[in-house]
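One-letter residues, chain by chain:
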Amino acid sequence: MRICCIGGGPAGLYFALLMKKQNPAHEVVVLERNRAGDTFGWGVVFSDQTLAALREADPQSAAEILDAFNHWDDIAVHIAGETVVSGGHGFCGIGRKQLLSILQRRCLELGVELRYEQDVQDDAGIEADLIIAADGLNSRLRQKYAATYQPDIDLRNCRFVWLGTKKLFDAFTFDFQETEWGWFQAHAYKFDGETSTFIVETPEAVWQAAGLEQMTKEEGIAFCERLFAKVLDGHSLMSNAAHLRGSAQWIRFPRVVCKTWVHHNGKVPVVLMGDAAHTAHFSIGSGTKLALEDAIDLARDIGARPGDLKAALDAYQATRSIEVLRIQNAARNSTEWFENVERHARLDPQQFAYSLLTRSQRISHENLRLRDPRYVGGFERWLAKQSGLDAQVPPMFTPFQLRGLTLKNRVVVSPMAQYSCVDGLPADYHLVHLGARAMGGAGLVFAEMSCTSPDARITLGCPGLWNDEQMQGWRRIVDHVHQRTSAKIAMQLGHAGPKGSTRVPWQGGEDLPLESGNWPLLAASSQQYLNGISQTAKPMDRADMDRVRDDFVAATRRAAEAGFDWLELHCAHGYLLSSFISPLTNHRDDEYGGSLENRLRYPLEVFRAMRAAWPDERPMSVRISAHDWVAGGITPEDSVQIAAAFKAAGADLIDVSSGQVSKAQKPVYGRMYQTPFSENIRNRVGIATIAVGAISEADHVNSIIAAGRADLCAVARPHLANPAWTLTEAARIGYAGPAGLDWPLPYLSGKQQLEREFERQRGAGLAAAEQANKALGV
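A brief look at the structure comes next.

Here we look at the nonpolar core
(1) Moving on: Counting residues in hydrophobic clusters, the biggest one holds 86 residues, and the most contacted among them are Trp-474, Met-491, Phe-564, Leu-569, Tyr-602, Phe-646 and Ile-654.
(2) Moving on: With residues near it in sequence (within four places) discarded, Trp-474 still touches Pro-426, His-430, Leu-434, Ala-447, Ser-450, Pro-463, Gly-464, Leu-465, Met-491, Ala-562 and Phe-564.

Okay, here's the thing in structure tokens:
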């Protein structure tokens, strides 16, 4: 096979040597536009796991790379005069130039032809059976065949400059400096016995405000030296980008995602590899790792399918695209964290450092404990102390106080529609449903959205609070929860608005109107939730607004009389009050439409009236949709203003959800995918929040609470599958209490059995992990 690699970076060189090693008969050539020995950037970072993959792919080059590596375990975070250190992270650094030299020598040993100063503008005329486009971030071949690859290039918000220093850092170091213009951060690590990489990063607006755009290269470097003088300890900074002038050394990171990686150019496929195919932000150190793994996987796929290149390329794209997407999602989380340092810097340095360590979601609370149990133990004691506990307690089991109410832990059973009432009356079903979950260990149990009038219901099965019989039904449930458990119970009040008068989902389809007996619907503006299918809701007039507001107030008084500990107003998911807030559904031209301030006017009116009727010592929250996931709808930035307005009106907490306003929505799902919206509101508005959405493990809850991303975590579907989710997760992580955890006395024998079983599983899992690491040489 004739193989031409365009680009002599890590991806092109490593693929070339692996293919030549696989079959010496292959004719492999690498075309590099720079001279031999030219390189840009300083050091690159690998994890211990990446080293194991290199050892397996080519032991000879791996041994040489290992000999050149500088290894460290610690991450050090400097902020506000404090330093927090966490160990066990397992990083290795090597100079980029040294890495390329090792790969170049190995290529020559195997017979790969290396041609330098070959500025390939086009693949036309290249005689090969396979062309590898490893021509970097600004790939010409990717641009030429953009219609095939369909690249999506997202230029991120921060400017950064890649520098070096003779200061040798013993840990991967993050240093944060606040200036009159905003925050700057440095990412620094040693990569050989004499030199460290030193990357300085700051948001675009801060960079411009500081005047760096007008500075010469030398002035910009001197600015960074002064700013980071303490951590540099008298050492200077160096640039090796001699080809760049002035502020051109400061760049914005482009996130590259390609829909496909293979272009079939007649008979010769052109395959993207490395930065030409994808990029991952330097803050998780995975760009070179991904490039080398691309090379490993494609070489393996070709070797496994001799004579069937198309099948090998299909397999390469199928497997690598999934793994790369996983890394890119983690990199996106990390990128956004560094773009918003100002928000995180409001945390205590201890919590700030924890938030940094877990920013990508690749490192969770329990993973961090495996890496450095001493650090996590100390942090848990510090965090528990903030809640008044003098003990080491997992974050999810620390208490939480709001007004006159204290919750025993941070777990919330979400309000989940059950559609199991007749005439809005909660009865035995809800007693069992909510009672079981209150006994299951959660600190707060929400009743599902209960409606303020018959025409406020989503379905005929929805519960209500529009009469005293319903209030007595709820009082029976509340009394049971209070008498038999230590959980608290919350009521969520709402009005379905344009999403009302529909069938129960399992009786004919979700959101479809009733076959008969429909009632009139209300909304901010005339709308159909399902175009051409749903009823058309009537725009509310002032009389409608007065009646609905008074219905909310009457239901609030009944909720207080029933004994609920907490009250929430539902202003999310396209229901009545949400229809006022979102510009997708509010097209009014009066004082209740137009600007966000106007669109909030009626929901705030309702909230204030409810707050005045609700006992002062009991908390009150608001559920909002922080993102409509539709162009022209509510954005996360809007949600900050929404939360601030409700806070000013007396809200104690924002329950942060998203979507369900429009069927045109395109959410980006993933683990804890709505948690960033919660963090954004919590740390910018200064109000407590509930995080909700794809939170399914104790590890998720612990990480969210510990990092200051929310104050409470609402867990929904896992509680449907397991009413004792909280008790089960406590046993799973080896926490026996007593703080924040109390098993019902008749269940104690089950507690001991469950704890023994999970202890056995943890022991077996650790043994298996140790064996796997030994096999990989990690």
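Brief notes about the sheet that holds strand β2 (residues 27-31)
(1) Moving on: Taken in spatial order, the 6 strands make up an open sheet running β8-β2-β1-β9-β17-β16, and their pairing is mixed. The open sheet terminates on both sides in strands that have one partner only, identified here as β8 (113-115) and β16 (262-265). Each strand axis lies, on average, 20° off the axis of its neighbour in the sheet, ignoring direction.
(2) Moving on: Sheet analysis places strand β1 (residues 2-6) next to β2, joined by 5 bridges and oriented parallel. Counted as the bridge partner of Cys-4 is Val-29 from β2.
(3) Moving on: Where helix α11 (residues 309-339) meets the sheet, its contacts fall on β9 (130-133), β16 and β17 (268-272), and the angle it forms with β17 comes to roughly 15°.

Some remarks on helix α15 (residues 373-386)
(1) Moving on: Here α15 contains 14 residues, and its C-alpha end-to-end distance of 20 Å stays within 8% of the 20 Å for a straight helix at 1.5 Å per residue.
(2) Moving on: For α15, the full list of buried residues reads Tyr-375, Val-376, Gly-377, Phe-379, Glu-380, Leu-383 and Ala-384.
(3) Moving on: Buried positions along α15 lie against β6 (82-86), α13 (349-357), α14 (365-371) and α24 (698-706).
(4) Moving on: Among the residues trailing α15, Gly-388 stands out with phi positive, at a value near 90°.

Quick notes on the packing of aromatic side chains
(1) Moving on: Going through the model one piece at a time under the given rule, you end up with 34 aromatic pairs.
(2) Moving on: With a centroid separation of 6.4 Å and an interplanar angle of 5°, the aromatic rings of Phe-176 and Phe-338 are classed as stacked. Here Phe-338 lies in helix α11 and Phe-176 lies in strand β11 (residues 172-178), a separation of 162 residues in the sequence.
(3) Moving on: Arranged with centres 4.9 Å apart and planes meeting at 90°, the rings of Phe-176 and Phe-352 form a pair that is edge-to-face.

Remarks on the pairing of β17
(1) Moving on: Here β17 lies mainly inside the structure; 5 of its 5 residues are buried.
(2) Moving on: Because side chains alternate across β17, one face comprises the buried residues Val-268, Val-270 and Leu-272, and the other comprises Pro-269 and Val-271, equally buried.
(3) Moving on: As defined by bridge partners, β9 adjoins β17 across 3 bridges and the pair is classed as parallel. Looking at the pairing, Ala-133 lines up with Leu-272 of β17.

Thoughts on the environment of Ala-524
(1) Moving on: Along the chain, the position of Ala-524 falls in the loop between β24 (522-523) and β25 (538-539).
(2) Moving on: Residues Ala-524 and Asn-586, spaced 62 residues apart in sequence, show a C-alpha to C-alpha distance of 5.5 Å.
(3) Moving on: Those residues in contact with Ala-524, other than ones at most four positions away along the chain, are Pro-539, Met-540, Ser-579, Phe-580, Thr-585, Asn-586 and Arg-588.

A few points about the state of the cysteines
(1) Moving on: Summed over the entire model, instances satisfying the criterion amount to 0 disulfides.
(2) Moving on: With no disulfide of its own, Cys-4 has Cys-5 as its nearest cysteine by sulfur position, at a separation of 6.8 Å.
(3) Moving on: Overall, Cys-4 belongs to the buried group, its relative accessible area being 3%.
(4) Moving on: Looking at the unpaired Cys-451, the closest cysteine sulfur is the one in Cys-462, lying at 4.6 Å.

Structural notes on the pairing of strand β26 (residues 566-571)
(1) Moving on: Counted residue by residue, β26 has 6 buried out of 6 residues, so it is predominantly covered.
(2) Moving on: With 4 bridges joining them, strand β23 (residues 488-494) and β26 adopt parallel strand pairing. When the bridges of β26 are listed, Leu-493 appears paired with Leu-569.
(3) Moving on: Pairing analysis gives 5 bridges linking β26 to strand β27 (residues 620-625), with the strands arranged parallel. Looking at the pairing, Leu-569 lines up with Val-622 of β27.

What counts, and where the lines are drawn
- Residues numbered from 1 in each chain as written.
- Predicted model: local features only at pLDDT ≥ 70, side-chain atom pairs only at ≥ 80, totals over all residues.
- Heavy atoms only, no water.
- Core = buried A, V, L, I, M, F, W, Y, C linked by side-chain atoms within 4.5 Å.
- Buried < 20%, exposed > 50% of the residue type's maximum accessible area, 1.4 Å probe, protein only.
- Contact = heavy atoms within 4.5 Å.
- Pairing = 2+ DSSP bridges.
- Helix = DSSP H or I, 4+ residues; strand = E, 2+ residues; numbered from the N terminus.
- Axes fitted to C-alpha atoms, helices over the stretch in contact; angles between N-to-C directions.
- Expected span 1.5 Å × (residues − 1).
- Phe/Tyr/Trp six-rings, centres within 6.5 Å; stacked < 30°, edge-to-face > 60°.
- Disulfide = S-S within 2.5 Å.

All we've got here are geometric facts, nothing functional implied.
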